[in-house]
Amino acid sequence: MLKQVNWVYSDTLKDHFMNPRNILETDDTSGFDGVGMEGNLACGDQMMVAITVNAEKEVITDCKWKTYGCASAIASTSVLSEMVKGMTLEAAFDLSPKDVTAELGGLPENKIHCSVLGDKALRAAINNYFERNNMPERVRKEKAKIVCQCMNVTDHEIEDAVLEGARSYAELQEHTKIGTVCGQCRFESEALLEKYIHLHFTE
Amino acid sequence: MSTEKPETVYLDHNATTPLHPAVKQEMTEAMELFGNPSSMHGFGREARANVEHARKTVASFIGADSANLMFTGSGSEANNTVLSIFSCSGDSCSTGSGRTGEKGETNNRKTIITTRIEHPCVLETSRCLAGQGTPVKYLDVDRYGKINMDQLSELLTDDVGLVSIMMANNEIGTLQDISEAARLVHEHGALLHTDAVQAVGKIPVDVDDLGVDFLSMSAHKIYGPKGVGALYVRPGTPFCPFVRGGHQEQGRRAGTENTLGILGMARAVQMRSEEMEDELHRIRALREQLVRGIESSIDDVVFNGHPEDYIPHTVNVSFPGAEGESILLYLDMAGIAVSTGSACASGSLDPSHVLLATGTDAERAHGSIRISMGRDTTEEQIGYLLEVLPPVIRKIRGMSTAYIGGNTYAQTG
């Protein structure tokens, strides 16, 4: 009989879950240079990231956070907050969920979607910093592109569906209702499906 | 506050239970019993005698005649079996069993009514059957998880063959008034099935008092082995085997009997009949201790389920601002096992369908945990949980975007 008592999570994740770093202890974010929040409570996770920036060097000097979510959500925000300290704003903006997951020592596939909000919230905080400091031209908003005109489905929604487990066109349709009317977008949405699966789930 | 980890504390009895020591002993001895109950020789006869003795024990525990009790591979199989009887047209069936009962009058009644808070083995099966053309109607529940008898009356049209209502809910413990439902259902010429997996062995259950036509139960929820359940079938009701091709269980379920499991189940039932009543008093007291302890040590808690009609073993509570999987895993680190209605722990994206059906918002459902007690639960264990839980909730709320300054919520994005 196997005496398997391992967690489904890595030791690093477990450590960050048990001892989260850089939690924002107060509810006051006024002392920070940029604040971003992503996700929502109904979906089960929400993350808020607050950064302090050395304006001259454009380097993140401090990063605090709050997270409502599961163990992977908490641990991924914690690990992210350590990763970004000392990073330039540009480098931090380009951090991907994959970078965070790798730092965590991997995540079960069905938990990847819990960890993608941290870097989103970080980008929102960086944009917020640029907005506050009169640099609107530096704000990098990810504009959603409508892929399916009939059902008004965007490329962001396709990405979210992939993170939530969609792997085939049929599953994508189940998640988004994409291409269920005229079907003209099928070629493009299948290409995006491939792209996001590759982006998030291929080593 | 001492947070030293004592032994492990198992508070997930609605998921499954440890074997009763008497069951373990019975099954160890029963391992020698290898004969096929269908064989005519001595080995077979010995196995048959034991299986039939077990059948009597289990049947009498729910007030049934042993001729009307069949063993199944699980509670889920029992539920699947009942639902499948009513989706079968029987017209083109060449097995000779069809779904015509002795009364034979339910042939045109194909519609199934069930509730929104059933176990997935009923809901998934209902969805599957609906996809194949069986009409399925759903009963709503109120904020406490109770069905409404007026709605049941409305839904009971002439085409309804079966109504399936779980007796005690596995997640929130709410009890339905099965005998009242049975009366209504029979008035309209339909039959009533109850999934009593979470009720049998916790509170008294009698098929005649309830007036049910079908009743499902499971061994592993009552300190018996996994992989064995039972289905009560009232005489004269239509039946069609779910597993076909054998004469076992009076032709109702093919497959050589799981003698080991069946004997274990019977011993589990016997132990229930000896221990259940005293245990019920004890569990009621533990529930008081648990509920009061949570209320007095943690702010902003919401108890889910019915305030009076419940299985006392089950306490379901939401901690707004805290997410359930985190609560579960922090408790797990302290050696305490509970379950959660959060989506994150289930592998799906939706939180508990039961809590959502009661009108609980998604956030409160994500922040729910279920504490289910059993025969081995002690006052000390509940005391330990009450010591560990408040700091866990404080810790999680302290880092949560959803819990600010006591009882307000952050703006949702």
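Residues numbered from 1 in each chain as written. Chains lettered and ligands numbered in written order. Predicted model: local features only at pLDDT ≥ 70, side-chain atom pairs only at ≥ 80, totals over all residues.

## What to know about the domain arrangement of chain A
Residue and element names in this part refer to chain A. Taken as a whole, chain A is organised into domain 1 (11–138) and domain 2 (146–201). Here the C-alpha centre of domain 2 lies 27 Å away from the C-alpha centre of domain 1. Tallying the contact residues gives seven residues for domain 1 and five residues for domain 2. Of all elements in the fold, only α4 (97–103) and α5 (112–132) reach the threshold of two or more residues within the side of domain 1 that touches domain 2. Here the side of domain 1 that touches domain 2 gets three residues from one element, more than from any other, and that element is α5. Tallied by class, residues from the side of domain 1 that touches domain 2 come to three nonpolar, two polar and two charged. (Domains from an automatic or database assignment. Contact = placed C-beta atoms within 7 Å. Helix = DSSP H or I, 4+ residues; strand = E, 2+ residues; numbered from the N terminus. Nonpolar A, V, L, I, M, F, W, Y, C, P; charged D, E, K, R; others polar.)

## With respect to the sheet that holds strand β10 (residues 314–318) of chain B
Residue and element names in this part refer to chain B. Pairing is antiparallel across the open sheet formed by four strands, whose spatial order is β9-β10-β13-β12. In the strand order of this sheet, the two ends are held by β9 (302–304) and β12 (339–340), each with one partner. Bridge count for β9 against β10 is three bridges, and the pairing is antiparallel. Note that in β10 the partner of F303 across the bridge is V317. Sheet strands touched by helix α9 (residues 259–297): β9, β10 and β13 (368–372). Its angle to β10, the strand with the most contacts, is close to 10 degrees. (Pairing = 2+ DSSP bridges. Axes fitted to C-alpha atoms, helices over the stretch in contact; angles between N-to-C directions.)

## Concerning the domain arrangement of chain B
All names here are of chain B. For chain B, the assigned domains read domain 1 (9–17 + 275–398) and domain 2 (21–271). In this structure, domain 1 and domain 2 have C-alpha centres spaced 29 Å apart. Contributions of two or more residues to the side of domain 1 that touches domain 2 are made by α9, β10 and α12 (353–357). By residue number, the principal contributor to the side of domain 1 that touches domain 2 is α9, which donates three residues. A per-class count over the side of domain 1 that touches domain 2 returns seven nonpolar, 13 polar and four charged.

## Looking at the pairing of strand β2 (residues 69–72) of chain B
Residues and elements named next belong to chain B. Covered by surrounding structure in β2 are L69 and F71 together with M70 and T72, the residues of both alternating faces. Pairing of β2 with strand β8 (residues 229–233) involves four bridges; the strand directions are antiparallel. Opposite F71, over in β8, you have A230 as the bridge partner. (Buried ≥ 20, exposed ≤ 12 C-beta atoms within 10 Å, placed from the backbone.)

## Brief notes about the interface of chain B and chain A
Buried accessible area, meaning the area lost when the parts come together, often serves as the stated size of an interface. Opposite the 24 residues of chain B that make contact, chain A presents 25 residues. At the level of elements, α10 (324–333), α11 (343–346) and α13 (362–366) of chain B are the ones that each hand at least two residues to the side of chain B that touches chain A. Among the elements that make up the side of chain B that touches chain A, the one with the highest residue count is α10(B) (four residues). A breakdown of the residues in the side of chain B that touches chain A according to their chemical character gives ten nonpolar, eleven polar and three charged.

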